Amino acid sequence: VVEYRAVATTRFKEYFPDTLTADPANITRTSDPVALSILNSARPAAPKVLYVIPTFGWESKTEGVWNFSRRSGGGLRVYLDRPWFSSGEGELLGVVLWGCPPPESSSFQSFDTPDLLKGYVTQWGMDPIWNGFPAPSEAVPRREHFLNASAFGQGLTLDELKDRSFSFSVAGHSVAFDMTRQLWYCDIQMDPGAAYFPFVRLALARYQPESVDDAHLSRIVLADFIQLMPDRSASIAFDPIETTILQVAITGQTYKGPGAVTVSAILQTQPAGGGDLAWMPIAVIPLTPSNLGGTTTLWSSEITLPDPRGTRPFRLLIEEFETFSTQFEGGPQQRRLVYADVLSI
């Protein structure tokens, strides 16, 4: 990006008195600045993708007799090796999408990514282990499923494919530098709808929005398969009169089988003089599930404290486990912790 200013002066300086021309400001005028984007004219270098991890957003607040905590899922962080900005200012990490948008989940049809394109576009799908809802679009995500994209492009071409009849779009995301890891990273927030732990395989490229034709995207790099984590909301409602009674509730998307989801609240207390690691369990309270429609479930229970609130420290440790067979249906069972949170009392 080049910023230009025009500076004008007189050709007749010698005809003006020296007292006037001694100060250049008296005989010059400077225009307002004009910024001009010099378009990138060569495809950027392919990004050096190291690994992708799931990310969470946490929100908690207390209002009167209500304590609330929320875990937002659907986030991915892509770590990239140095350097960045191979094509200049404004370079983004692009999630490459097939330019032919799939149908939405409400109108599913037979839709699949052509074998020729599977190595070049982002794909997603439900976890085949669980009986749940699919992702909100068939086979590949749509641009509206990328919640924090800073720029979108469409009608783009790939260097890998000489056949220009295929059109691609891209969801561009900003990149930042992690001083601790000494790596670049990019946060991508997706909307998995009602899907439970859907798989995503990102097709990533450097994306330079300010480019001439056929120079916007680098060559594609496929990331590893990774799953999007579901949202969870936890709350405690205190009885304003009976100070030993409280109601705990957890809500979120889950699956319908096989196996069962178990959610429990572990009531803990802290001995006098104990540190933050000195919390001791008092009781384990299983939460009762109830369906709120689809795969949205509410787990809840009433809990009675051994002493009134405020007389000594209490907290609830929430744990959610998946249960599944490790070898075959009806075989040995195994549990996996998929959600944990701590709520102060």
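Look up a bit, the structure's there.
The notes below deal with the structure included here. (Residues numbered from 1 in each chain as written. Predicted model: local features only at pLDDT ≥ 70, side-chain atom pairs only at ≥ 80, totals over all residues. Heavy atoms only, no water.)

Along its length, the chain carries one helix and 24 strands. For a compact globule of 345 residues, the expected C-alpha radius of gyration is about 20 Å, and the chain comes in at 29 Å, more than 25% above that figure. Along the first, second and third principal axes, the C-alpha set of the chain runs to 100 × 60 × 35 Å. Residues classed as buried in the chain amount to 42% of the 345 residues present. (Helix = DSSP H or I, 4+ residues; strand = E, 2+ residues; numbered from the N terminus. Rg over C-alpha atoms; globule rule 2.2 N^0.38 Å. Buried < 20%, exposed > 50% of the residue type's maximum accessible area, 1.4 Å probe, protein only.)

Locating arginine 232 in the fold gives a position in strand 17 (residues 232–238). A distance of 2.7 Å separates the side chain of arginine 232 from the side chain of glutamate 320, its partner in a polar contact. Each residue touching arginine 232, except ones within four places of it in the same chain, is listed here: Ser69, Arg70, Arg71, Tyr196, Ile250, Thr251, Gly252, Gln253, Thr254, Trp299, Glu320 and Tyr339. (Polar contact = N/O pair within 3.5 Å; in protein donor to acceptor, adjacent residues only side chain to side chain. Contact = heavy atoms within 4.5 Å.)

With six of seven residues buried, strand 17 is to be regarded as a mostly interior element. As defined by bridge partners, strand 6 (residues 66–80) adjoins strand 17 across six bridges and the pair is classed as antiparallel. Bridge assignment links phenylalanine 68 to a residue of strand 17, and that residue is serine 235. Looking at chain direction, strand 17 and strand 18 (residues 245–253) are connected through six bridges and run antiparallel. Its bridge partner being in strand 18, alanine 234 is matched across the sheet by isoleucine 250. Linking strand 17 to strand 18, which pair antiparallel, is a turn of six residues. (Pairing = 2+ DSSP bridges.)

The next thing to look at is the pattern of salt bridges. Across all of its chains, the model carries 14 salt bridges by this definition. Arginine 206 is paired through a salt bridge with glutamate 91; the nearest N and O atoms lie 2.8 Å apart. Placement of the pair is arginine 206 in strand 14 (residues 203–207) and glutamate 91 in the loop between strand 6 and strand 7 (92–98), with a sequence separation of 115 residues. The residues arginine 206 and glutamate 91 share a single accessibility class, namely buried. As a salt-bridge pair, aspartate 115 and lysine 118 come within 3.2 Å of each other at their nearest N and O atoms. Residue classification places aspartate 115 among the exposed residues on the basis of a relative accessible area of 65%. Several salt bridges converge on common partners, so that one network encompasses Arg43, Asp159, Lys162 and Arg219. (Salt bridge = Lys/Arg side-chain N within 4 Å of Asp/Glu carboxyl O.)

On the surface, Val2, Tyr4, Val34, Leu36 and Ile38 cluster together into a nonpolar patch covering about 450 Å² of accessible area. Elements with a contribution of two residues or more to the nonpolar patch: strand 1 (2–4) and strand 4 (34–36). Residue position: valine 34 is located in strand 4. A residue is classified by how much of its surface remains accessible, and valine 34, at 52% relative accessible area, is exposed. (Patch = residues over 30% accessible without salt bridge, like charges linked within 9 Å, V, L, I, M, F, W, Y side chains within 5 Å. Areas by Shrake-Rupley, 256 points an atom, 1.4 Å probe, with all protein chains shown as cover.)

Let's shift gears to the sheet that holds strand 24 (residues 333–344). Taking strand neighbours across the sheet as the criterion, the four strands line up as 20-19-23-24 in an open arrangement whose pairing is antiparallel. Two strands in the sheet have a free side with no partner beyond their single neighbour: strand 20 (280–286) and strand 24. Across the sheet, the mean angle from the axis of one strand to that of its neighbour is 25°, orientation sign disregarded. Here 11 bridges tie strand 23 (residues 314–325) to strand 24, and the two strands are oriented antiparallel to one another. Bridge pairing links leucine 316 to leucine 343 in strand 24. (Axes fitted to C-alpha atoms, helices over the stretch in contact; angles between N-to-C directions.)

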